[in-house]
Amino acid sequence: MRVPFLNLERLHADLDAELSEAFSKVLAKQAFIKGSEVDGFEREFATWTTSDFAIGTSNGLDALTLALRSLNVGPGDQVVMPANTFIATALAVSQLGAQPVLVDVCPDTALMNPVKLHDALGPSTKVVVPVHLYGQACGMTSISELARACGASIVEDNAQAQGASWDGKFTGSWGDLSATSFYPGKNLGALGDAGAVTTSQRHLAQKVRELGNYGSLEKYNHTSKGANMRLDELQAAFLRVKLPHLHRWNEMRQTVAARYGELLSDVAEITLPWTDPEATHVYHLYVVVTPKRDELASWLDACGVSTLVHYPKCIHEHKAYQELNHMAGGFPVSERLARQSLSLPMHPFLTSSEQEYVAESIKRFFGRQS
Ligand SMILES: *Cc1c(COP(=O)(O)O)cnc(C)c1O
């Protein structure tokens, strides 16, 4: 048996006709930028995330950059984020000439550790960026309190957790702004690059819209030196077909995760994902932890099971961030997770027999008969 990591073919199979129709509709109108599909998607996505405003963007990195720029982040400012995240979180900060300040994460959730956040906050902290990594919501109550107490804003990196919640409130609605990605493999994926910023503050929404549209809200009247970071009509039309299915897909991911939990509960050699009782988890990724990570990954590969590592290096371990001058051991939890985490195949349409095969293969690696 071969178990791919992700199966977009199955996800899109049922939507084939609708997606083609969406394409034809845009083609018939011959309007590809700033039209009714983008407007419609922005309204629908704002409602979906319980935010007042959503602004479509070209991708998740640009969404992060625009969110930070709308808060006037620039040279001399510090932006606090977890040490284990996708590089985009840090790049958005660097692009604006500000400094990423890393904090370690909690060992059981791999999410920003509020105690470490507290230590990292200071007079130069402009923004805190909690990353809802793997699909689990961060501890937003304490993160919000800490940020507010030092006068910092919050921009959520919600690229992996659309539909998750903390204390009953959706990710993407906690921060001053939130950035998300519709990279094809994300829980809500476009058929290409796309992203969005959400906020409930009108002036920030306007600022994001202006900055992402050449610094202009009105044609040929440029009020700031913006950029072109817009969502286009085709991707918006595709996203409108997929958005109504997102809650169901997230539930299917949760079912898949629960099934992994049952199948792997007696394998003491691996640590399964843990969800805080106040959080929900939408399992963008299903990440297990084992000191034998590399050996297990090769074994599974030989068995036909595709796995990935999210992420094999912390931010400060990349050559691109040598300038941060962090010594090895500075972020022990993040660094250990980079060596020991393994993401198992995860998508809404993973079958029980595929999961049983994955679990059996893992058990055979650890010398269990199943
Ligand atoms: C995917 C992702 C991004 C960037 O999104 P793109 O659309 O690929 O630019 C940012 N942060 C995190 C945590 C991500 O997973």
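Since the model is a prediction, treat every value here as computed from it, not as a measurement.

Visitor: Explain the pairing of strand S5 (residues 153-157) here, please?
Guide: Every regular strand shows the same layout, with side chains that alternate between the two sheet faces. In terms of residue burial, S5 counts as a mostly covered element, since 5 of its 5 residues are buried. What you see with S5 is no split at all: Ser153, Val155 and Asp157 on one side and Ile154 and Glu156 on the other are buried throughout. As defined by bridge partners, strand S4 (residues 125-128) adjoins S5 across 2 bridges and the pair is classed as parallel. Paired with Val128 across the two strands is Ile154, which belongs to S5. Remark: the S4/helix H7 (residues 140-149)/S5 crossover connection has right-handed handedness. As paired strands, S5 and strand S8 (residues 177-181) are joined by 3 bridges and run parallel to one another. Residue pairing across strands places Val155 opposite Leu177, the latter belonging to S8.

Visitor: I keep staring at the site of the ligand and nothing clicks. Help me out?
Guide: Taken together, the neighbourhood of the ligand is formed by 14 residues, with Gly60, Asp157, Gln160, Ser181 and Lys186 sitting nearest. Contact distances for the ligand include 2.8 Å between an oxygen atom and a side-chain N or O atom of Gln160. Contact with the protein chains removes 91% of the 380 Å² of surface that the ligand exposes when unbound. Looking at the shell around the ligand, the elements that each hand over two or more residues are helix H4 (60-70) and helix H5 (87-95). Partitioned by chemical class, the residues of the shell around the ligand number 6 nonpolar, 6 polar and 2 charged.

Visitor: So what exactly am I meant to see when it comes to a nonpolar patch on the surface here?
Guide: Taken together, the side chains of Phe23, Leu27, Phe32 and Ile33 define a hydrophobic patch exposed on the protein surface, amounting to about 340 Å² of accessible area. Within the secondary structure, Leu27 is located in helix H2 (residues 16-29).

Visitor: Mind showing me how you'd approach the nonpolar core here?
Guide: Generally speaking, nonpolar side chains in soluble globular proteins are found buried as a group. Among the nonpolar cores identified, the biggest contains 68 residues, and Leu68 and Val155 are the most heavily contacted of them. Here this core gets 5 residues from one element, more than from any other, and that element is H4. The contacts of Val155, once residues within four sequence positions are left out, are Leu64, Ala67, Leu68, Leu71, Val127, Val128, Val129, Pro130 and Leu177. Judged by nonpolar contacts, the second largest core, of 24 residues, contains Cys303, Met346, Ala359 and Ile362.

Criteria and cut-off values
- Residues numbered from 1 in each chain as written.
- Predicted model: local features only at pLDDT ≥ 70, side-chain atom pairs only at ≥ 80, totals over all residues.
- Heavy atoms only, no water.
- Buried < 20%, exposed > 50% of the residue type's maximum accessible area, 1.4 Å probe, protein only.
- Helix = DSSP H or I, 4+ residues; strand = E, 2+ residues; numbered from the N terminus.
- Pairing = 2+ DSSP bridges.
- Right-handed = clockwise from strand over helix to strand, strands pointing away.
- Near = heavy atom within 4 Å.
- Polar contact = N/O pair within 3.5 Å; in protein donor to acceptor, adjacent residues only side chain to side chain.
- Areas by Shrake-Rupley, 256 points an atom, 1.4 Å probe, with all protein chains shown as cover.
- Nonpolar A, V, L, I, M, F, W, Y, C, P; charged D, E, K, R; others polar.
- Patch = residues over 30% accessible without salt bridge, like charges linked within 9 Å, V, L, I, M, F, W, Y side chains within 5 Å.
- Salt bridge = Lys/Arg side-chain N within 4 Å of Asp/Glu carboxyl O.
- Core = buried A, V, L, I, M, F, W, Y, C linked by side-chain atoms within 4.5 Å.
- Contact = heavy atoms within 4.5 Å.

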